[in-house]
Amino acid sequence: MRPLTEAETRAVFEKLGKYIGENIQLLVDRPDGTYCFRLHRDRVYYLSEKLLKLAASVPRESLVAPGTCFGKFTKSQKFRLSVTALDFLAPYAKVGHGPPSRPRASPPAPHNSAPLLQYKVWVKPGSEQSFLYGNHVLKSGLGRITESTAQYQGVVVYSMADVPLGFGVAAKSTQECRKVDPLAIVVFHQADVGEYVRNEETLT
């Protein structure tokens, strides 16, 4: 286990920035202590400094998962975000300013002078299973999408009951979603909670 290099840190923060914007700082400086990112066997872990000190006493070959896995680096050094980061992305998935199209209850926003906008997508009940099997979201399965969502914006995917299901990348902007064919892809799948079952042996 070691600290991330400058290039690795940039790759991780650029990926996280697509979903939580400047709120990356809130992941590091938390009310319950300081947290950090560490690399272990090509996987990036998020853990508290207190846990980091404890993990340092464990031999590398015996250390399985020192914290929460946020993702891993591929052989080509591309960072791939993991669904295990969803619980941290969902509350902080806030970038930009302005009101959503139809406000819903959300976690307390960080201290700021203006309301922060959450980029979210809600899928219809009939399309939840498809998404949880790793498929993209089609226009026919789109329940709602946050206003002002741009194409290729990172979005957190929710059920209509506001349960986080995973995350993806908007294939179409909010305006385009209103005009596209029902079979057009509106959200590219990135990760979903179904991976806890499908990839049980390899997910850490």
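So, here is what we can say about the structure in this document. Only a predicted model underlies this, so the values are computations on that prediction, with no experimental measurement involved. (Residues numbered from 1 in each chain as written. Predicted model: local features only at pLDDT ≥ 70, side-chain atom pairs only at ≥ 80, totals over all residues. Heavy atoms only, no water.)

The next thing to look at is the environment of K179. Locating K179 in the fold gives a position in the loop between α6 (174-177) and β14 (185-192). Along the chain, K179 and K139 lie 40 residues apart, while their C-alpha atoms are 9.5 Å from each other. (Helix = DSSP H or I, 4+ residues; strand = E, 2+ residues; numbered from the N terminus.)

Its location among the elements puts D192 in strand β14. Since its relative accessible area comes to 0%, D192 is described here as buried. Sequence separation between D192 and N135 is 57 residues, and the spatial gap between their C-alpha atoms is 9.4 Å. Apart from the residues within four sequence positions on either side, D192 is in contact with V83, F131, L132, G134, L165, G166 and R198. In this structure the side chain of D192 is engaged in a polar contact, spanning 2.7 Å, whose partner is the backbone nitrogen of G194. (Buried < 20%, exposed > 50% of the residue type's maximum accessible area, 1.4 Å probe, protein only. Contact = heavy atoms within 4.5 Å. Polar contact = N/O pair within 3.5 Å; in protein donor to acceptor, adjacent residues only side chain to side chain.)

Even without being a glycine, Q77 presents a positive backbone phi close to 65 degrees. With respect to the secondary-structure elements, Q77 resides in the loop between β5 (68-73) and β6 (79-81). Classification of Q77 as partly exposed rests on a relative accessible area of 46%. Even without glycine at this site, S148 takes up a positive phi of about 70 degrees. Along the chain, S148 falls in the loop between β11 (142-145) and β12 (154-159). Given the relative accessible area of 54%, S148 is considered exposed.

This brings us to the pattern of salt bridges. Under the definition given, this model contains five salt bridges. In this structure, R2 and E8 form a salt bridge, with 2.8 Å as the shortest nitrogen-oxygen distance. Here R2 falls in the partly exposed class, since its relative accessible area comes to 34%. Residue R10 pairs with E6 through a salt bridge whose shortest N-O separation is 3.4 Å. With R10 and E6 both in helix α1 (residues 6-20) and four residues apart, the pair spans about one turn of that helix. Judged by its relative accessible area of 43%, R10 is partly exposed. Using a relative accessible area of 63% as the deciding quantity, one classes E6 as exposed. (Salt bridge = Lys/Arg side-chain N within 4 Å of Asp/Glu carboxyl O.)

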